Structure formats: C-alpha cells, structure tokens
Amino acid sequence: MSEPLIEIKDLRVEFNVREGVVKAVDGFNLTINRGETVGVIGESGCGKSVTARAILNMVPKPGKVSGEILYHRRAKGAATDGLSRTTEVIDLTKVDPDGETIRQVRGGEIGMIFQEPMSSLTPVYSVGTLINEAVSLHRLSPVKKIGDQITETVQAHRRVTKAEGRAIAIEMLRKVGIPKPNERVDNYPHQLSGGQRQRVMIAIALSCEPVMLIADEPTTALDVSIEAQILDIMRELQESSDMAILFITHNLGVVANMAHEIVVMYMGKAVERAKVQDLFYNPKHPYTQSLLQSIPKLGQKKSGERLASIAGSVPNPFNLPSGCVFHPRCPAFMPGKCDVFTPKWTQVGEEHWANCLLYEEVGK
Ligand SMILES: Nc1ncnc2c1ncn2[C@@H]1O[C@H](COP(=O)(O)OP(=O)(O)OP(=O)(O)O)[C@@H](O)[C@H]1O
Ligand SMILES: [Mg+2]
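Since the structure is predicted, the reported quantities are computational estimates derived from the model, not experimental observations.

Once that is clear, we can look at the overall build of the protein chain. Check the secondary structure of the protein chain and you find 11 helices and 12 strands. When each of the 364 residues of the protein chain is scored for burial, the buried share is 43%. Nonlocal contacts in the protein chain, meaning residues at least 24 apart in sequence, comprise 61% of its contacts between residues at least 6 apart.

Before going further, it helps to spend a moment on helix α8 (residues 224-241). In a regular helix each residue adds 1.5 Å, so 18 residues correspond to 26 Å; α8 covers 26 Å between its end C-alpha atoms and thus fits that length. Remark: D242 follows α8 within two positions and exhibits a positive phi of approximately 60 degrees.

In this section: the nonpolar core. Formed by 92 residues in total, the largest nonpolar core has its most connected members in M212, L246 and F247. Broken down by element, the residue count for this core peaks at seven residues, all from helix α7 (residues 194-207). For F247, the residues in contact, after removing those within four places along its chain, are T37, V38, G39, V40, A215, V255, M258 and A259.

One ladder, built from 11 bridges, connects strand β1 (residues 4-17) with strand β2 (residues 20-33); its direction is antiparallel. Bridge pairing in β2 links E7 to T31. Hairpin connection, β1 to β2: the antiparallel pair is bridged by two residues. With eight bridges connecting them, β1 and strand β4 (residues 63-74) associate as antiparallel partners. Its bridge partner being in β4, I8 is matched across the sheet by I69.

This paragraph deals with the packing of α7 against α8. Running from N to C, α7 and α8 point in directions that differ by 0 degrees, and their axes come no closer than 12 Å. Comparing the axis directions of α7 and α8 gives the class roughly parallel. In this structure, α7 contributes G195, R199, I202 and L206 to the contact, and α8 contributes I226, I230, I233 and L237.

What follows is about the sheet that holds strand β5 (residues 87-91). Strand order in the open sheet made by the four strands is β2-β1-β4-β5, with antiparallel pairing throughout. Among the strands making up the open sheet, the edge pair consists of β2 and β5. In this sheet, neighbouring strand axes are inclined to one another by 10 degrees on average, regardless of whether the strands run parallel or antiparallel.

Within the fold, G336 resides in the loop between α11 (286-292) and β11 (345-349). Sequence separation of G336 and G323 is 13 residues, and the distance between their C-alpha atoms is 9.5 Å.

For helix α5 (residues 162-175), which comprises 14 residues, the first-to-last C-alpha distance of 20 Å matches the rise-based estimate of 20 Å (1.5 Å per residue) to within 8%. Those residues of α5 not exposed but buried are G165, I168, A169, I170, M172, L173 and K175. Buried residues belonging to α5 abut α4 (146-157), α6 (181-184), α7 and α8. Immediately downstream of α5, the backbone of G177 shows phi near 85 degrees, a positive value.

Pairing is mixed across the open sheet formed by eight strands, whose spatial order is β6-β7-β8-β3-β9-β10-β12-β11. Each end of this open sheet is capped by a strand with a single partner; those strands are β6 (110-113) and β11. For this sheet, the mean inter-axis angle between neighbouring strands, taken without regard to orientation, is 20 degrees. Examined bridge by bridge, strand β7 (residues 212-216) and strand β8 (residues 244-248) share five bridges and lie parallel to one another. Looking across to β8, one finds that M212 is bridged to A244. Packed on one face of the sheet, α7 meets β6 and β7 and runs near 175 degrees to β6.

This next bit is on the environment of A256. Within the secondary structure, A256 is located in helix α9 (residues 252-258). It is 10.0 Å that separates the C-alpha atoms of A256 and K275, two residues lying 19 residues apart in sequence.

A few words on the confidence of the model for the protein chain. Put simply, the protein chain has an average pLDDT of 84, and 85% of its residues get 70 or more. Low pLDDT, under 50, characterises residues 117-137; the predicted model gives this stretch 27 contacts beyond four residues in sequence or across chains.

What follows covers the packing of α4 against α7. Remark: α4 packs on α7, axes separated minimally by 9 Å, with the N-to-C direction vectors making an angle of 20 degrees. As judged from the angle between their axes, α4 and α7 are roughly parallel. Relative to α7, α4 is oriented so that their crossing is right-handed. On the side of α4, the interface is formed by I146, Q149, I150, T153 and V154, while α7 contributes V200, A203, I204 and S207.

Here K61 and P62 are connected by a cis peptide whose omega angle stands at 0 degrees. Within the element layout of this structure, P62 appears in the loop between α1 (48-55) and β4. Positive phi outside glycine occurs at N57, with the angle close to 55 degrees. Tracing the backbone through its elements, the reader meets N57 in the loop between α1 and β4. Positive phi, normally seen in glycine, also occurs at K180, with a value near 45 degrees. Along the chain, K180 turns up in the loop between α5 and α6. We classify K180 as exposed; it has 10 C-beta atoms within 10 Å.

Criteria and cut-off values
Residues numbered from 1 in each chain as written. Chains lettered and ligands numbered in written order. Predicted model: local features only at pLDDT ≥ 70, side-chain atom pairs only at ≥ 80, totals over all residues. Helix = DSSP H or I, 4+ residues; strand = E, 2+ residues; numbered from the N terminus. Buried ≥ 20, exposed ≤ 12 C-beta atoms within 10 Å, placed from the backbone. Contact = placed C-beta atoms within 7 Å. Expected span 1.5 Å × (residues − 1). Core = buried A, V, L, I, M, F, W, Y, C linked by C-beta atoms within 7 Å. Pairing = 2+ DSSP bridges. Axes fitted to C-alpha atoms, helices over the stretch in contact; angles between N-to-C directions. Parallel < 35°, antiparallel > 145°, perpendicular 65-115°, else oblique. pLDDT = per-residue confidence, 0-100. Left-handed = near helix turned anticlockwise from the far one by under 90°.

As structure tokens, this is what we get:
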C-alpha cells in the first residue's frame, strides 16, 4: 500500500537577479511514497537540483521559496507494523533552516548525494548549478580523514560509539566498492580519485539509513561497472529499509532501471508523470516524446546514453512565452490555443498525467 513520505505542493522558487526574476521552480507538485523511487528527468536548467535542495531547505540565496513540502515523519522508535505507527507532518519549507529539526532531517533522515560538477559530462551545465555546488554544505572536507567524516555523520544522527561508527564507516566503504576499506578509512580525500570520492559521498549519504535518498546525478562521474554496483547498493537498501529515492538524472537507461515512476520537468514545472513503462512506451507530452527520441528502443543503446538535445532552445527565463511555455518548440503546436491557454494537469491514463492542451477541452 502506498504511504506518502514527501508531498510537494505548488512549490515555487524564484531567484531575483540583476536581469530580472528567474522562476527556477514554478508550481511543482509531486508525492513520493515510502519505499518508492521517483525519477526526475528534463533538460539542464529545468529546476531539478533546486527542487532537491528545497526539500532539504537548502535553496541558496537569493532564492525565495513558497508552497509546501510536507514530510510525514515517523516518530522515533515507532512500530512499523502499520498499527501503532505515529507520524507527524512537518512542512520543510517552514522550518528554521539552521534549527534542530532540519539538522536531524538533512543527512540523517533524508540522505543526499549531489552531482559532481567538475567531472560532470553535461556540456551545458547551468551556471546556477555551479554556484549551488560551490556553496554546498555537503562537500567532503579536504582536511579530515574520510573515515572520520563518515563516523561523524553517523554519530550526529545515531547513538553509536566512535568505534562502532568506525566499523560502520569501513563497512560502508566496502559496500560502495572502495578497495581495502580498513586502510582507506584513514585516507584524506585528496588521496582518492574523483570516482572514489563520489563513492565516499554515497557511503556518507547511506550510512544513516535514511528514509529517503535524494540522488542528484549520483553516478555521472563513475565508470559503468562502479555505477552498477552503486545502483545495486541503493536498491538493496531500498528493499531492506523501505527507503524512498528521488533520482535525478540525464541518463535514461539508469532511470529506466531504477525508478518506479518518472516525472518530466520543463521550465520549473512537471509536464508529465507516469509509471516507468508507460512513460517510455506511451509518452503523452510532446516534450517527453522529443526527449525520448534519443532512445529508439529502450535498452538497445549503451547505458551511458544521455538525453538528446531537442529542437529549439530553452526560452529566455526573463521573457517566458505566453500560454504553454513549451509551445514555441512543440511539434504539436496548435495556434490560438497553446499560445493562449495555460495547460492544466490532466489525467491521460491510469496513474498517468500530463500538462498539455492536446488532452484538454479548452478554447473550443
Ligand atoms: N543560486 C542561483 N542563483 C540564480 N539562479 C539560480 C541559482 N540556482 C539555480 N538557478 C537557476 O535556476 C534554474 C534551475 O536550476 P537547476 O540547477 O535546478 O537546474 P537543473 O535542472 O538541476 O539543471 P542540470 O541538469 O544542469 O543540473 C536555472 O535557470 C538556474 O540558472
Ligand atoms: Mg542539477
């Protein structure tokens, strides 16, 4: 039975910059259930990372957040038999960004792995993302041994001794495929390769057994065999502890393998949401259809395949098109309709929604 863990309601994030206002997230809605993986795809700059950061109340300045992000938090030590369970609901957009609650949630109850910008393969990296990453609170410290960094994270969120924390650190390093983990635990980050550092970040995120993992391009920097190992670890943890995963990626092969459901974002909005099979075999939104043209048949191309670029360019954020923001690029553009009316979220199949006027009775 589906039990909501995170409900994002009408999330909006605006950046007031010199040129005007960027609506990085513009009325985004999403429910993530316990134990489920939701994949998020969409072109660079569509608001994926900003949404992820909003969940952790970590939107960088001068970002302004509105809407709700409801976290259904189980009371500590609550029974998991579904009968005597007690949950409280916390709006993560309203908690003190430096307070005790968010400190427990961030990295403890909700783990995170952020994209590694310097080694990213995305040629069109958004400047905002680069700024975000630079100020991220969750880089590895260059002056601390990696084992101590894992131990400290575990100790901040779980009642364990230093020795137990170290044992967990070694075990996590082994799990993420770091060779000789009992020696590597005493290494500093600069003694590891970029791919190994990313694996340490993953070990830290998973070390507290979070109820949800936010994985923002978690394996982009890794080679294919390590990537497969990491994805296996995430799946294992998901099965053993009912962990939800918000999986952000440009890699359609990976998302097809990992996700139960997929959300497609365009210009800060969800434009389509469906079960993974429906989305790949029966995409409804012309934007999703264009994105998927990069993979003629699912699974036939090598797993490193990334989203194709699609016709036209992303509109100027300071001068958005009228009506449906995708209309200037849309192969199914209907003049007098798509440039006039704003599409609404419409059910287009069983557990399948799209934000497109093709499926709405308007303007007739
Ligand atoms: N700190 C910031 N200041 C100003 N604009 C920002 C900031 N952070 C993000 N943005 C803008 O918000 C929008 C969404 O950015 P976001 O990083 O969420 O994109 P993304 O979908 O994660 O892209 P990518 O696939 O490249 O990672 C972009 O237009 C970006 O330039
Ligand atoms: Mg991003």
